[in-house]
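# Per-entry structural report
Listed here are the chains, written in short residue letters.
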Amino acid sequence: MSNIDSNQTGIGEDLPPDVTRYPSVYWVVLVAFILFYGAIAFIFWPHKFTFGGQELNTGLIILVAGVLHFAAGIRVIGVDEIAAPFFLGIPSIQVSGGPLFAPPLLYQVVKRSRRIIQLELPDNPEKIFRAGESDTKTPEGFKPPIRIPFANTPKEPVEGIREDDPLHRRGTNEVSVYVRMQIEELINFHVRIGDEDAAKIQIEDTAVSFLNEALTQLTPAMALNDLKKINNALDDHIRAHTKNWGVNIVDARIKLIEFSRSLNSKIE
């Protein structure tokens, strides 16, 4: 088998470990919000006005409005969730498994699941579109398969593989990959990547690039013979390219190398 470097380096390593965050901003703004409503209510407390035949205290109305405004921002973040409030785009804190106070109009709250997400590349099997002779465009909501051209039979014999093995020939085959990841640092993930869809696009490009470099040097038989080594190298490659994204890559593996109908017939 050709040398596959499992000690990959990637663009993720060029990023600083963490996006700069300002926890004090969150608390200062929250305290300022409470003091603002309190001060305005105190100033207008002596003032009264009549509404619907009833005399109402202006300061009390302002105080109630402030309490309701504050209450509207109370959120309970589950242990399987992670959330981060941004004040005018400034990252501050992140919360998981606890309360979060983020009054509307003051904070933009970003929330994601902490559960392990499985990315099927290029997509779930029912969403793969294989174009026919009359098809020229992939329908919306579908993805074309990942097709990799494998190498021709090498001149020198390969240990453990028969020379007349149908899989020991050049051919173009579909390859599917799965990557399981978990969001751990939401601020890093949100600022640098955005969301799971954007992460999937970048991880897919990284995986396809690796597969093209690695599998085009091998016949299908050679790839299957060293699948564990290839998977380990793919896993290392994706980890290196997602370093400092704020995610934990649980594992990344080739899910299936799907052979053509004619090749399957030869195998049978």
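Everything numeric here is computed off the predicted structure, so don't read it as measured data. (Residues numbered from 1 in each chain as written. Predicted model: local features only at pLDDT ≥ 70, side-chain atom pairs only at ≥ 80, totals over all residues. Heavy atoms only, no water.)

## Overview of the side chain of Glu120
Of note, Glu120 is situated in strand β8 (residues 117–121). According to the relative accessible area criterion, Glu120 is buried, its value standing at 12%. Of note is the side chain of Glu120, whose polar atom sits 2.8 Å from the side chain of Gln118. The residues touching Glu120, leaving out its near neighbours within four places in the chain, are Val177, Tyr178, Lys200 and Lys255. (Helix = DSSP H or I, 4+ residues; strand = E, 2+ residues; numbered from the N terminus. Buried < 20%, exposed > 50% of the residue type's maximum accessible area, 1.4 Å probe, protein only. Polar contact = N/O pair within 3.5 Å; in protein donor to acceptor, adjacent residues only side chain to side chain. Contact = heavy atoms within 4.5 Å.)

## Some remarks on helix α1 (residues 23–44)
With 22 residues, α1 should reach 32 Å at 1.5 Å per residue; the first-to-last C-alpha distance of 33 Å fits that figure. Turning to α1, its buried residues are Tyr26, Val29, Leu30, Phe33, Tyr37 and Ala41. Here the buried residues of α1 occupy an arc of 100 degrees about the axis, which is enough to place them on one side. Structural note: α1 exposes Val28, Leu35, Phe42 and Ile43 on the side pointing more than 90 degrees away from its buried face. (Expected span 1.5 Å × (residues − 1). Arc of directions from axis to C-beta.)

## Things to note about the sheet that holds strand β5 (residues 90–91)
Spatial ordering of the open sheet is given by β5-β4-β7, a layout of three strands whose pairing is antiparallel. Bordering the open sheet on either side are β5 and β7 (108–113), each of which pairs with just one other strand. Sheet analysis places strand β4 (residues 81–87) next to β7, joined by six bridges and oriented antiparallel. Across the sheet, Phe86 pairs through a bridge with Gln108, a residue of β7. (Pairing = 2+ DSSP bridges.)

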